[in-house]
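A structural walkthrough
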There are 2 protein chains.
Amino acid sequence: MTRVAVVIPAGGAGQRMGGVYKPFMELCGEPILARCLRPFLRRADVHWVVVALPAELLGAVPAWLCADARVRTVAGGAQRHDSVRLALAAVPDEAGVVLVHDAARPLVTDDVVDRCISAAAAGQSAVAAVPVADTIQEVDDAGRIVATPDRSRLRAAQTPQAFPAAVLRAAHARAAAERVTATDDAGLVARYGGDVVVVTGASDNLKITTPTDLAHAEALLRLRGT
Amino acid sequence: MTRVAVVIPAGGAGQRMGGVYKPFMELCGEPILARCLRPFLRRADVHWVVVALPAELLGAVPAWLCADARVRTVAGGAQRHDSVRLALAAVPDEAGVVLVHDAARPLVTDDVVDRCISAAAAGQSAVAAVPVADTIQEVDDAGRIVATPDRSRLRAAQTPQAFPAAVLRAAHARAAAERVTATDDAGLVARYGGDVVVVTGASDNLKITTPTDLAHAEALLRLRGT
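So, here is what we can say about the structure in this document. (Residues numbered from 1 in each chain as written. Chains lettered and ligands numbered in written order. Predicted model: local features only at pLDDT ≥ 70, side-chain atom pairs only at ≥ 80, totals over all residues. Heavy atoms only, no water.)

Quick word on the side chain of A:Q137
Considering the arrangement of structural elements, one finds A:Q137 in strand β10 (residues 136–139). A polar atom in the side chain of A:Q137 sits 2.6 Å from the side chain of A:T148. Within the structure, A:Q137 has its side chain in polar contact with the side chain of B:D184 (distance 2.9 Å). Here A:Q137 is in contact with A:I145, A:A147, A:T148, A:P149, B:R153, B:L154, B:R155, B:A157, B:D184, B:A186 and B:G187, once residues within four sequence places are set aside. (Helix = DSSP H or I, 4+ residues; strand = E, 2+ residues; numbered from the N terminus. Polar contact = N/O pair within 3.5 Å; in protein donor to acceptor, adjacent residues only side chain to side chain. Contact = heavy atoms within 4.5 Å.)

As for the interface of chain B and chain A
Counting residues at the interface gives 38 residues for chain B and 39 residues for chain A. Between chain B and chain A, the buried area comes to about 3200 Å², and carbon and sulfur atoms account for 56% of it. Linking chain B with chain A are six salt bridges, by the criterion used here. Among the salt bridges present, the one from B:R153 reaches A:D141, with a minimum N-O distance of 3.1 Å. (Buried area = accessible area lost by both parts, 1.4 Å probe. Salt bridge = Lys/Arg side-chain N within 4 Å of Asp/Glu carboxyl O.)

Here we look at the relation of the copies chain B and chain A
Note on the identical chains: chain B maps onto chain A by a rotation of 180° and an axial translation of 0.0 Å, with an RMSD of 0.0 Å. The relationship between the two copies is best expressed as a two-fold rotation axis. In terms of proximity to the rotation axis, the leading residue of chain B is B:H216, whose C-alpha is 2.7 Å off the axis. In this assembly the copies share their binding face: 100% of the residues contributing to the interface of chain B also contribute to that of chain A. (Least-squares fit on C-alpha atoms with pLDDT ≥ 70 in both.)

Focus: the packing of aromatic side chains
Aromatic ring pairs are reported here in terms of the distance separating the ring centres and the angle at which the planes meet. All names here are of chain A. Inspection of every chain in the model, using the stated rule, returns four aromatic pairs over all chains. Residues F24 and W64 carry aromatic rings whose centres are separated by 5.5 Å and whose planes lie at 85° to one another, so their mutual orientation is edge-to-face. Taken together, the positions of F24 in the loop between β3 (20–21) and β4 (26–27) and W64 in the loop between β6 (46–53) and β7 (71–75) put the pair 40 residues apart, joining distant regions of the chain. On the accessibility criterion, W64 (33% relative accessible area) is partly exposed. Put simply, the rings of Y21, F24 and W64 touch in pairs and so form one group of aromatic residues. (Phe/Tyr/Trp six-rings, centres within 6.5 Å; stacked < 30°, edge-to-face > 60°. Buried < 20%, exposed > 50% of the residue type's maximum accessible area, 1.4 Å probe, protein only.)

Focus on the pattern of salt bridges
In the structure shown here, the tally under the stated rule is 34 salt bridges over all chains. B:R70 is the partner of B:D68 in a salt bridge, and the nearest nitrogen-oxygen pair spans 2.9 Å. According to the relative accessible area criterion, B:R70 is partly exposed, its value standing at 22%. In this structure, B:D102 engages B:R105 in a salt bridge whose closest nitrogen and oxygen atoms are separated by 2.9 Å. When sorted by exposure, B:D102 lands in the same class as B:R105, which is buried. By sharing partners, the salt bridges in this structure join A:R80, A:D102, A:R105, A:D185 and B:D134 into a single network.

Points about the environment of A:V197
Residues and elements named next belong to chain A. By secondary structure assignment, the location of V197 is in strand β13 (residues 196–200). Look at V197 and you get buried, because its relative accessible area is 11%. Sequence separation between V197 and G29 is 168 residues; the distance between their C-alpha atoms is 35 Å.

Focus: unusual backbone geometry
Residue and element names in this part refer to chain A. Residue T159 is joined to P160 through a cis peptide bond whose omega torsion reads 10°. With respect to the secondary-structure elements, P160 resides in strand β12 (residues 154–164). For C28, which is not a glycine, the phi torsion comes out positive at approximately 50°. Accessibility expressed as a relative area gives 35% for C28, which makes it partly exposed.

Now the structure itself:
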């Protein structure tokens, strides 16, 4: 069975909401980050989980975060892609698949995780994604609509994003050398000619960015009854 | 003062959720459609509101919908753009600005409405829109990522969308003649060379499509305390 490592970039400035470190905030009584990890820690093929934290938090890692021996923490970087690269450096060479998951997507479900890992274990880079709900318009610098891309060909990328380990390592090494920044690992791999497919994500696999998103996530969890 | 007409396409098959006609469903004790109309009916410059309903509902229009004398109903068409065109035909020639608003966006606020109408009253077609929250990927028929459009240039279009009346009428007349379908009036006007700008929408101006969206909208309304 392919051994899987999970990388969680949670080290950057974007992780704060109203000054509070978001991954440690509670969502229906459980830290957001704990919820993010749960579907991975349930799996036997996940051997390592590397969480990139802000350096100043490394001395005070909460007990719940390291309760499972597979979890280790490293210092993250200034931006998301820095944190992914630094966490990736702590992933052992034995990992055949590396999966990246946002520290702000606590509603991810087992089936979405499974689709991503299954693809990557078969050698295929994959990103969880959903059709876009709104019409997307492309604008110029003045905010004028210049194009309406065909919505049927657009997908909103989520995480997890899963890759054969060597593919993700090569893309990040090249991006670091070329000083390329990327908000999305699938986009980075595709940019360098890698073959990435979308697999079915979930509309409720939302990314918590604002207090409004937090209320939304709570409403969704109540609907699920969990 | 420019006289404004509001068109609400609520006639199509997409208006049903679990068999129930969505615009008449209650959201925190008030029909969704009533909430959609409220910010427009508060304005003195709005002289006409034309709601395109499924033909079979025209004989049983609820009292709350027509309580304001400015509201009239017409039979909608099979698709959204048909309903817009049919409602537009019932807008008097005296209207200088026509605004289109989804029957499924009950959380629209006065400030967003005002930005759209102000632009159109000055002769500028405008669409409420927000930056896209997720990385958008363009895929081919096999679901492979073929491009990652520059996210900073993408906007998720919402409604209201507001137009000088003649501009919207001309675009719909041409689309009907050419049998062009469009999910979005701003996109249609831009397609025919019209100049459309995006104005700032609101991240919580969500479109209610699923029961999950309904729970989300309720959570948002509770946050607002209304």
